[in-house]
Amino acid sequence: MHPTVKGAAHAAPCIRLPHAFSHKDVFLDSMPLAHVFGPVASGRLGRSLGLDLLGGRVCSMDCLYCEVGATDVHTCERAPYVPAHVLLDELARWRDAEAAKHDATQGGSPPAAPVDHVTLGGSGEPCLNSDLARIIAGCRDILPGVPVAVLTNSTLLHRDDVRADLAGADVVLPSLDSLVESEFRVLNRPCKGVTARGVADGLLGFARGFGGRIYLEVLLARGINDTAENLALLRDYVRQLAPHRVDVTTLSRPGASPRALPVGRDVLARWSDELNTAAGCPQTAPAGHGPTAAIPDDGSRRAATVTNADAPVSRSLDTETLQEAVLRSITRRPQTAPQLAKALGAPLGEVRKALDELTARGACAPVAETALPRDTDGEIFHAGRAPRNG
């Protein structure tokens, strides 16, 4: 099946999408990192370094809630969208830069582990990258001892080659939002031939042969998949799957469509309790309990949840470094100032100043005309944009 490219009459089997925005247009950086981002605080994976395996919005789904926007290349065809050597070269440069910063500030003291996980994701479905196995192996070589996590929408887990590629990962975070076929089609808008039952069966088959940890994610959109029928089907399903955890989330940033709206915290709590109980998972910090917030740049296109304990300690960054970090995050997905402050570990006041300066430069702007122009605390979302010409 060849990819479907929106607005194009013909499509090649392997499509590389250019970045809509280059950070070096605003910040002087002789060697910008295009595919490595973070690390940031992730409610699911701790201090997470994200790797973008797609280089654009390439996915087997076109979910209503996707925070990076509508899918540009709608496909189930695998290809080296970001070749392994390109991504791993960036990762090695990031490692070397971190080591140099440590030497400059800490002297001869031994460096602490730079991150808790390396997370393979991006602006689409990372398992579409046919270099996945090489990328996982390369991450282990470059950052030995750091677990590798892979985010996936589960659509390719029925394939033997994908299962073999994922065997080298430590953690896989698959998603499955609905087992009701009509809900699945409306919310996830998969490629032709992809069904909820097929995805569920593929995930079950993968789980039986996978030796790592599985954290299932279910994202709820109000009035679409938050039904009693879906809850009953998923409750029976997780008994079979037996994941290590079920994360129930909802939108906390603007999605691709104004039709995607968040559910209430009471709904999140009830679904989390029921699904984790059915799966036999401990209820230490269920997703439905505590504040809901999106975690920028752990590689995920989806919403996530954190508790106050997940927030990093605030640290001051120089003005240019903070502005660049903020811009990298909001170029990937819209975020509020508090979300950025929590993820980057920076004081909220300094983040607000950075956003004001970026807005004045024309590098970012408030998000308008979305289902969630402001979060539940009245904070406005900001998104990076290409600088004005001339």
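Position numbers for residues start from 1 in each chain and track the written sequence from start to end. Only residues with pLDDT of at least 70 are given local features in this predicted model, and only at 80 or more are side-chain atom pairs given and counted; all residues enter the totals for whole chains, interfaces and linings. Side-chain descriptors were evaluated using all non-hydrogen atoms of the structure, hydrogens and water having been removed beforehand.

### A look at the state of the cysteines
Item 1. By convention in this document, the label disulfide applies to cysteine sulfur atom pairs within 2.5 Å. Per the stated rule, a full pass over the model turns up 0 disulfides.
Item 2. Left without a disulfide partner, C76 is nearest to the cysteine sulfur of C191, which lies 3.9 Å away.
Item 3. What makes C76 buried here is its relative accessible area of 19%. The buried label applies to any residue whose accessible area, calculated with a 1.4 Å probe on protein chains only, is under 20% of its type's maximum; exposed applies above 50%, and partly exposed to all values in between.

### Digging into the sheet that holds strand β2 (residues 36–42)
Item 1. Spatially, 7 strands are ordered β2-β3-β6-β7-β8-β9-β10 in an open sheet, and the strand pairing comes out mixed. Among the strands making up the open sheet, the edge pair consists of β2 and β10 (245–250). Here the average twist between neighbouring strands, direction ignored, is 25°.
Item 2. Paired strands are those between which DSSP finds at least two bridges. Each helix is a run of DSSP H or I of at least 4 residues and each strand a run of E of at least 2, with the numbering of both proceeding from the N terminus. Pairing geometry for β2 and strand β3 (residues 46–52), over 5 bridges, is antiparallel. When the bridges of β3 are listed, V36 appears paired with L51. Interaxial angle, 0 to 180 degrees, is taken between N-to-C directions of lines fitted to C-alpha atoms, where a helix line uses only the stretch in contact.

### A word on the pairing of strand β9 (residues 213–220)
Item 1. Counting buried residues in β9 gives 7 out of 8 residues, a clear majority hidden from the surface.
Item 2. Here 2 bridges tie strand β8 (residues 171–174) to β9, and the two strands are oriented parallel to one another. In the sheet register, V171 faces β9, and the bridge partner there is R213.
Item 3. In terms of strand pairing, β9 meets β10 through 6 bridges, oriented parallel. Within β10, the residue paired with L216 across the bridge is V246.
Item 4. Handedness rule for crossovers: strands pointing away from the viewer, path from the first strand over the helix to the second running clockwise, crossover right-handed. Read from β9 through helix α6 (residues 228–241) to β10, the crossover connection turns out right-handed.

### Re the nonpolar core
Across soluble globular proteins, nonpolar side chains show a tendency to be buried alongside one another.
Item 1. Ranked by size, the top nonpolar core spans 83 residues in total, and within it L51, L120, C139, L166, Y237 and L275 carry the most contacts.
Item 2. Sort the elements by how many residues they give to this core and helix α5 (residues 196–209) lands first, with 7 residues.
Item 3. Two residues qualify as a contact provided that any one of their heavy atoms is within 4.5 Å of a heavy atom in the partner residue. The residues contacting Y237, other than those within four sequence positions of it, are L176, L179, R197, A200, L203 and L204.
Item 4. Grouped together as the second largest cluster of nonpolar side chains are 17 residues, L327, A341, L355 and A363 included. Take the buried Ala, Val, Leu, Ile, Met, Phe, Trp, Tyr and Cys residues and link them wherever side-chain atoms come within 4.5 Å; each set so joined is a nonpolar core.

### Remarks on the environment of V186
Item 1. With respect to the helices and strands, the residue V186 is situated in helix α4 (residues 181–188).
Item 2. For V186, a relative accessible area of 35% corresponds to the partly exposed category.
Item 3. In sequence terms V186 and N225 are 39 residues apart; their C-alpha atoms lie 9.1 Å from each other.
Item 4. Here V186 is in contact with L64, I224 and R259, once residues within four sequence places are set aside.

### Regarding the pairing of strand β7 (residues 148–152)
Item 1. By the criterion of burial, β7 is predominantly enclosed, with 5 of the 5 residues buried.
Item 2. Of the two faces of β7, the one holding V148, V150 and T152 and the one holding A149 and L151 are both buried throughout.
Item 3. One ladder, built from 3 bridges, connects strand β6 (residues 117–121) with β7; its direction is parallel. Bridged to L120 within β7 is V150.
Item 4. Two strands pair when backbone bridges link them, and β7 and β8 are joined in this way by 4 bridges, in the parallel orientation. For T152, the partnering residue across the bridge sits in β8 and is P174.

### Side note on unusual backbone geometry
Item 1. The backbone of S154 shows a phi angle near 80°, a positive value even though the residue is not glycine.
Item 2. With respect to the secondary-structure elements, S154 resides in the loop between β7 and α3 (160–166).
Item 3. Residue classification places S154 among the buried positions, given a relative accessible area of 1%.
Item 4. You will see that R189, though not glycine, has its phi angle at about 45°, which is positive.

Don't take any of this as a statement about function, it's just geometry.
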